[in-house]
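# Coordinate inspection notes
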Amino acid sequence: MTDNDRLIIFVKNLELGKVKTRLAKSIGEDQALSIYQKLLLYTKEITKSLNAEKAVYYSERVDNNDLWDNMLFSKALQQGEELGEKMQNAFADAFAQGKQRVIIIGSDCLELETYMIKEAFAVLENNDVVLGPAKDGGYYLIGMTKFLPTLFEGKNWSTEDLLMDTILDLKKMKAKYYLLKTLNDIDTVEDLKSLDKFPNQKSEDWF
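## Considerations on the overall build of the protein chain
Per the secondary structure count, the protein chain includes six helices and seven strands. A compact globule built from 207 residues should have a C-alpha radius of gyration of about 17 Å, and the protein chain, at 16 Å, falls within 12% of that. In terms of overall dimensions, the protein chain has C-alpha extents of about 45 × 35 × 35 Å along its principal axes. Considering the protein chain as a whole, with its 207 residues, one finds that 50% of them fall into the buried category. Considering only contacts in the protein chain between residues 6 or more positions apart, those separated by 24 or more positions represent 63%. Accessible surface computed for the protein chain: about 10,300 Å², of which carbon and sulfur atoms make up 46%. In the protein chain, which carries 27 positive and 34 negative side-chain charges, the distance between the mean positions of the two groups comes to 3 Å.

Written as structure tokens, this is what we have:
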């Protein structure tokens, strides 16, 4: 990885009632906010040492006094109405600035590890696009070596068809793509319970 690579991290501002809303329906808004803060801390830890330009893209406003070190992470505001448009614009900005490999991740996947992000950058040496499939039918990571706006148009976000619809687009374009390991995002109480299988994570530690 080099300065020509950019890792974009999409985050939501830490505001009560605006994060992990599906989870909040089961455990309450206060606990959902606390869990999301822990997810942000985890995401920071697995990305801070990566040898690539790192940018945090906020949902509501840029926060220069939060957990993201301004010396390690640049900061920007997501631009657009819905998720697809926001990601499309983030990729467009990166490539306009001369970046050669660009990856976007979210901030709610505890199974994602540093080496997986390194793998994603590495496979972009020989592929146009890399995708990290999520168990819910979406994806936790998307990266590319050239701007392909079609991948973000006409999609039903947060549905079980997202990954497959994206792959169908890639096949139509005859783009070469690579699929990483399938992982689980943290969106529900059931997702939290699955943490017990990890040596250093227990679901009770998150409440």
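Still more ground to cover, so stick around.
## Looking at the packing of aromatic side chains
Centre distance and the angle of the planes are the two values used to describe a pair of aromatic rings. Applying the stated criterion across every chain, the model contains four aromatic pairs. Judged by centre distance (4.9 Å) and plane angle (80°), the rings of Trp 68 and Phe 73 are edge-to-face. Given a relative accessible area of 2%, Phe 73 falls into the buried group. Through a chain of ring-to-ring contacts, three or more aromatic side chains come together here, namely Phe 91, Phe 95 and Phe 152. The positively charged end of Lys 54 is found above the aromatic ring belonging to Phe 73, 6.0 Å away from the centroid.

## Considering the side chain of Thr 43
Mapped onto the secondary structure, Thr 43 falls in helix α2 (residues 29-47). In this structure the side chain of Thr 43 is engaged in a polar contact, spanning 2.9 Å, whose partner is the backbone oxygen of Leu 39. With near-sequence residues (within four places) excluded, Thr 43 lies in contact with Ile 9, Trp 68, Ile 105, Gly 106 and Ser 107.

## Remarks on the side chain of Arg 101
Relative to the helices and strands, Arg 101 is located in strand β4 (residues 101-105). There is a polar contact of 2.7 Å between the side chain of Arg 101 and the side chain of Asp 5.

## Considerations on the environment of Trp 68
Looking at the secondary structure, you find Trp 68 in the loop between β2 (53-58) and β3 (74-77). When its relative accessible area of 2% is taken as the criterion, Trp 68 is described as buried. Residues Trp 68 and Thr 43, spaced 25 residues apart in sequence, show a C-alpha to C-alpha distance of 10.0 Å. Those residues within four positions of Trp 68 in sequence are excluded, and the remaining contacts are Ile 9, Val 11, Leu 40, Thr 43, Lys 44, Thr 47, Val 56, Tyr 58, Phe 73 and Lys 75.

## Some details on the pattern of salt bridges
Scanning all chains against the criterion turns up nine salt bridges. Where salt bridges share partners, they join Asp 5, Arg 101 and Glu 125 into one cluster.

## Points about the sheet that holds β2
In spatial order, the strands read β3-β2-β1-β4-β6-β5-β7; together these seven strands make up an open sheet with mixed pairing. Looking at the sheet topology across the chains shown, the edges are occupied by β3 and β7 (177-179). Across the sheet, the mean angle separating the axes of adjacent strands is 20° when strand polarity is ignored. Note: strand β5 (residues 129-133) against β7, three bridges, orientation parallel. Bridge pairing in β7 links Val 130 to Tyr 178. Set on the sheet, α2 makes contact with β1 (5-11), β2 and β4; between it and β1 the angle comes to about 175°. Lying over the sheet, helix α5 (residues 162-173) contacts β5, β6 (139-144) and β7, oriented at roughly 160° with respect to β5.

Rules used in this analysis
Residues numbered from 1 in each chain as written. Predicted model: local features only at pLDDT ≥ 70, side-chain atom pairs only at ≥ 80, totals over all residues. Heavy atoms only, no water. Helix = DSSP H or I, 4+ residues; strand = E, 2+ residues; numbered from the N terminus. Rg over C-alpha atoms; globule rule 2.2 N^0.38 Å. Buried < 20%, exposed > 50% of the residue type's maximum accessible area, 1.4 Å probe, protein only. Contact = heavy atoms within 4.5 Å. Areas by Shrake-Rupley, 256 points an atom, 1.4 Å probe, with all protein chains shown as cover. Lys, Arg positive; Asp, Glu negative; His and termini not counted. Charge placed at Lys NZ, Arg CZ, Asp CG, Glu CD. Phe/Tyr/Trp six-rings, centres within 6.5 Å; stacked < 30°, edge-to-face > 60°. Lys NZ or Arg CZ within 6 Å of the ring centre and 35° of its normal. Polar contact = N/O pair within 3.5 Å; in protein donor to acceptor, adjacent residues only side chain to side chain. Salt bridge = Lys/Arg side-chain N within 4 Å of Asp/Glu carboxyl O. Pairing = 2+ DSSP bridges. Axes fitted to C-alpha atoms, helices over the stretch in contact; angles between N-to-C directions.

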